[in-house]
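# A closer look at the structure
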Amino acid sequence: MGGILSILNFSSQFNNNLLGVCLLLWVIIEYRIIMKQDKRPKKKDRKAITLFAILIVLFSLSSIIMFESNLGRLGGEYHYFFWVGILIIIVGNIIRQYSMHIMGSSYVATLQIQDKPKLIKVGPFKLVRHPCYTGFMISLWGLGFASLNWLFLLLIMLFSLIVFLIQIRIEERELEAFFGEEYKEYKKTTKKILPYIL
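What this report covers is the structure whose coordinates are included nearby.

So, how was this worked out
Residues numbered from 1 in each chain as written. Predicted model: local features only at pLDDT ≥ 70, side-chain atom pairs only at ≥ 80, totals over all residues. Heavy atoms only, no water. Helix = DSSP H or I, 4+ residues; strand = E, 2+ residues; numbered from the N terminus. Expected span 1.5 Å × (residues − 1). Buried < 20%, exposed > 50% of the residue type's maximum accessible area, 1.4 Å probe, protein only. Salt bridge = Lys/Arg side-chain N within 4 Å of Asp/Glu carboxyl O. Phe/Tyr/Trp six-rings, centres within 6.5 Å; stacked < 30°, edge-to-face > 60°. Axes fitted to C-alpha atoms, helices over the stretch in contact; angles between N-to-C directions. Parallel < 35°, antiparallel > 145°, perpendicular 65-115°, else oblique. Left-handed = near helix turned anticlockwise from the far one by under 90°. Nonpolar A, V, L, I, M, F, W, Y, C, P; charged D, E, K, R; others polar. Core = buried A, V, L, I, M, F, W, Y, C linked by side-chain atoms within 4.5 Å. Contact = heavy atoms within 4.5 Å.

Our next topic: helix α4 (residues 80-103). Counted at 1.5 Å a residue, the expected span for α4 with its 24 residues is 34 Å, and the 35 Å between its end C-alpha atoms agrees. Within the sequence span of α4, burial applies to F82, G85, I86, I89, G92, N93, R96, S99, M100, I102 and M103. A positive phi of about 60° marks G104, the residue just after α4.

What follows is the structure, encoded as structure tokens:
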């Protein structure tokens, strides 16, 4: 096991470049998703969007302070966490893309649901009601692992949970209003974002 880990112990510059490429591809994928949408946030969603913006700013500032001061930095013996993180980022993106593929035209990148949505209960939707967010959140956690900083990992896990649970709460109000009892029954057999947990 130690031999395999030593083979994967590339220079920090190589790791940074690889992580940068992964993040760039991730941003391109998300950008293409957003650009395909013709939905725009409604007036009632502006408070939520403002809250997200505040959380992102706080998260960014905390991250900068953390990395500048080397708070939570793991030692070289934990370099394999970088590769664990890269793998988790890839798995999260696969889950997200697969879930969006299943949703088809029902997926929108804003806080609204489509004008004529259909309630999907197949694939990952059998376990969680919002697998697109599950995939995104898993990728963010992968970024935390790849950073080799345990404090950043905890921060990004907390940040992503708060943001997605807020967004889910907003969306589920509209989904319940649209689907009624069908959605309430669906909620009884599934979790929000983490299978069997939350």
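Evaluation of the coordinates by the stated rule reveals 6 salt bridges. Between E172 and R129 there is a salt bridge, with the nearest N and O atoms lying 2.6 Å from each other. Here R129 lies in the loop between α4 and α5 (131-146) and E172 lies in helix α6 (residues 150-179), a separation of 43 residues in the sequence. We note that E172, like R129, is buried. A salt bridge links K188 to E185; its shortest N-O distance comes to 3.1 Å.

Now for the packing of aromatic side chains. In the structure shown here, the tally under the stated rule is 8 aromatic pairs. Between Y80 and F81 the ring centres are 4.9 Å apart and the planes differ by 75°, which places this aromatic pair in the edge-to-face class. Centre to centre, the rings of F178 and F179 are 5.0 Å apart; their planes meet at 75°, and the pair counts as edge-to-face. In this structure F179 comes out as buried when scored by relative accessible area, which is 14%. Aromatic ring contacts, followed pair by pair, group F178, F179, Y183 and Y186 into a single cluster.

On to the packing of α4 against α5. In the contact formed by α4 and α5, the axes pass within 7 Å of each other and the chain directions differ by 165°. Between α4 and α5, the interaxial angle falls into the category roughly antiparallel. The handedness of the crossing between α4 and α5 comes out as left-handed. Along the lines of polarity and charge, the residues of the contact of α4 with α5 split into 17 nonpolar, 7 polar and 1 charged.

What follows is about the nonpolar core. Formed by 13 residues in total, the largest nonpolar core has its most connected members in M137, I156, F164 and I193. Listing elements by their share of this core, those giving two or more residues are α5 and α6. Ranked by the residues each element gives to this core, the list is headed by α5, at 5 residues. With sequence-adjacent residues up to four places away left out, I193 is seen in contact with V128, H130, Y133, T134, M137, F164, I168 and L198.

In short, shape yes, function no, at least from these values alone.
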